Amino acid sequence: MSSFSAAARDGRPVRRRLVLWASAVALSVSIGTGGLLATPAYADTPATFTDIILGVGANEAQRIVSWYSTADTTQVVQLARTSDLVSGDFPSGATTFSASGTANITSVGGFNRHATLTGLTKNTAYSYRVGSDGNWSNTYSFKTQSFDGNFDFLFFGDPQIGSSGNVTKDAAGWVDTVNVAVNEAPNSELLVSGGDQVETANTELQWDAFAQPEQLRSYPWVATIGNHDVGGKAYEQHFFTPNTDRSASLYANGNPASNTSGGDYWFIYKDVLFIDLNSNSYTTATGGGGDAAHVAYVTDVINNHGAEAKYTVLVYHHAIYSPADHAKDNDNKVRRVDFPTTFSKLGVDLVLQGHDHSYSRSYEIKNSAKANADEQPAQDEVYEGPGGVIYVTANSASGSKYYDLTTPDSSGTSGAGNGADPLNPSSYWYNSVQNQEHVRSYVKVEVKNDALVVKGIRSGTCDAPNAAVELGKVLWCGPKNGSEAAKPVGSVFDSVTIHPNHGDGQDIQVAVPELPGEFGWTIDGHNTLVDLGTASHSSGGYFEAQGAINPIKVNDTRSALSPWSLSASVGNFTDGGKSFSGSYLGWRPKLVTAGGGATFGDAVASSFDDNGKGLSISRVLGSTTQGHDRGSAVLGADLDLKVPELSADEGAYRATLTITALSS
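Residues numbered from 1 in each chain as written. Predicted model: local features only at pLDDT ≥ 70, side-chain atom pairs only at ≥ 80, totals over all residues. Heavy atoms only, no water.

An unreviewed UniProt entry annotates the protein as Calcineurin-like phosphoesterase family protein originating from Propionicimonas paludicola.

What follows is the structure in structure tokens.
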């Protein structure tokens, strides 16, 4: 008999094993279920799974997976640490998350499913698949990173697959942009949408093309609804978003039950509060929605959660300070009056938008006017004053459609006006940078300790894939209306460091390292033989014996309060050349001494009782959840062995109970 304890520091995953011995003489039984593993679903008919997309969750410890299925069966997401997979097979202790969904409202039919993955731990690589026992999708992977500190995210404008008239070419450009962006910044943690994922809301061919980048299954996609996405339910079927308000006022037609998509949502990722709006619902005389509803939503979210984050970033589709075809749209002029003063008042730092298929970065805007008359065009460093907000509009990420820059008029240099910038008359008064080269691009945002760094980056050149150029939708390509040769992929055409305002006082910050602490477990007391004695014969046709494992003490003093679990399985009972299955051993876990937020696992019956697998597969003895109390607990379990009389001849049988601890 032997034992050893395991310890972990700095959130590193640990896995250790301890061997216990159990013995018995002639016995019988069998059973199974329980532990971290939720009850698996069994498919009634085989299903195929498409458009699997990893979405963002309510915080950095969550992800939401959405997918389409050909069958209306009960389905789950199965999740495990990638390091626990053996030859691609998921371990018996893999966690499952139940999925929900409905029948699709599209011409192609099918069903949608989604599931929220919770309790993720930092700096961990995970693998997952969707489906049910015997009917799984391919396996995909993602990794979490540190749950605090600096991070990068990537912002993509209007893939709008199908808008060039050639879905294949649009998809090729979209896939290439995502490849370029992620290859340049592989540790980026979010892919943020500017809206208009597709050209036609319910055309699944376009949605399939949009879902082609493999990165959409390994980096969380922050969905934003565009005007081309709103006219059907496919957007809501493909994306399930956290903290979503689906009130009637947040739908363009005021009717969530209609065949339209809508809603506003928010989430906090590290130091950023993201708020995503359905800007298709705006103030009109006949529409069901209204900007007042968005203003109320943003106000409520920031008042309740703004203090939990260092920065506030708003995302919505319709660019109110855009430089191209949509610059003078009446609906944008309405939003340009309705939104900015509230955003300034609430301390919003950055607004990300799409819709105009061209790039722009605004001056610091306060209450619908340029905040600082001295801010120069293309200034690469901005110190926001109180109420200062920067607005960024993204160009096409796929190359499916570009809008050329338009010229200012005499309608004024504040509010809804589209007047010229006194410092740069060819630009609108509100824009520090305007750019259109007819090449694909994206935006990288670096979230730093005391600054946001925004970069506009080329992801393509004038060469294919560039659908709008290939198909002659535009007549020139390259900087300065094509008078210069295209710049290389990865080159930066705009960069600005935005320093947030700290009000009238002086903010002081200090980084506190993680408290030293450790996670470990050991046998509580002497690790003696677990002797079940001599089994008794039952008239029911089996041998039975009872006992209890040696208690196990688990201690967790780490500041991260990361979850842990302790599981066990038993091998076959053997005596020389004779043996019987470990599945005949069942148990009833218990807390001998409570503490540290520990709970005990589900009881498992001998396979003699339920034809299950008993303890022959991994079963949870005890566990905690994220944020549990620090401290220690002592776990135990009563054993129940039932062996069919025909399964074991006379003998002294022994088996090994292997205990595995998982934490991070």
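Next, the rest of the story.
**Some thoughts on helix α5 (residues 330-338)**
Among all positions of α5, only Asp331, Asn332, Arg335 and Arg336 are buried. The buried side chains of α5 occupy one side of the element, clustering within an arc of 140 degrees when seen end-on. Packing partners of the buried residues in α5 comprise α4 (291-305), β15 (311-318) and α6 (340-346). (Buried < 20%, exposed > 50% of the residue type's maximum accessible area, 1.4 Å probe, protein only. Helix = DSSP H or I, 4+ residues; strand = E, 2+ residues; numbered from the N terminus. Arc of directions from axis to C-beta. Contact = heavy atoms within 4.5 Å.)

**What about the UniProt feature "domain: Purple acid phosphatase N-terminal" (unreviewed entry) in the protein?**
Within this numbering scheme, the UniProt entry marks residues 52-144 as carrying the feature "domain: Purple acid phosphatase N-terminal" (unreviewed entry). The span residues 52-144 shows a helical share of 0% and a strand share of 46%, and its end C-alpha atoms are spaced 19 Å apart. (UniProt positions renumbered as here; feature names shortened; annotations may be inferred.)

**Things to note about the confidence of the model for the protein**
The pLDDT averaged across the protein works out to 90; a share of 91% of its residues lies at or above 70. Confidence over residues 1-43 falls short of pLDDT 50; this stretch has 197 contacts with residues more than four positions distant or in other chains. (pLDDT = per-residue confidence, 0-100.)

**Details of the domain arrangement of the protein**
Frequently, the measure chosen for interface size is the accessible area that the parts lose on association. Partitioning the protein into structural domains gives domain 1 (44-148), domain 2 (149-499) and domain 3 (519-663). Taken over C-alpha atoms, the centre of domain 1 sits 30 Å from the centre of domain 3. Opposite the seven residues of domain 1 that make contact, domain 3 presents seven residues. Of the roughly 470 Å² buried between domain 1 and domain 3, counting both surfaces, carbon and sulfur atoms make up 58%. (Domains from an automatic or database assignment. Buried area = accessible area lost by both parts, 1.4 Å probe.)

**Here's the deal with unusual backbone geometry**
A cis amide bond links Ala464 with the next residue in sequence, Pro465, at an omega value of 0 degrees. As for its placement among the helices and strands, Pro465 is situated in the loop between β26 (451-458) and α7 (467-470). Phi is positive for Asn123, close to 50 degrees, though the residue is something other than glycine. For Asn367, which is not glycine, the phi dihedral falls at a positive 50 degrees.

**Topic: the packing of aromatic side chains**
In this structure the tally under the stated criterion is 32 aromatic pairs. Ring plane angle 85 degrees and centroid distance 4.9 Å describe the contact between Tyr359 and Phe493, whose orientation is recorded as edge-to-face. Of this pair, Tyr359 sits in strand β17 (residues 359-362) while Phe493 sits in strand β27 (residues 492-499), and the two are 134 residues apart along the sequence. Across the pair, Phe493 and Tyr359 agree in class, each one buried. (Phe/Tyr/Trp six-rings, centres within 6.5 Å; stacked < 30°, edge-to-face > 60°.)

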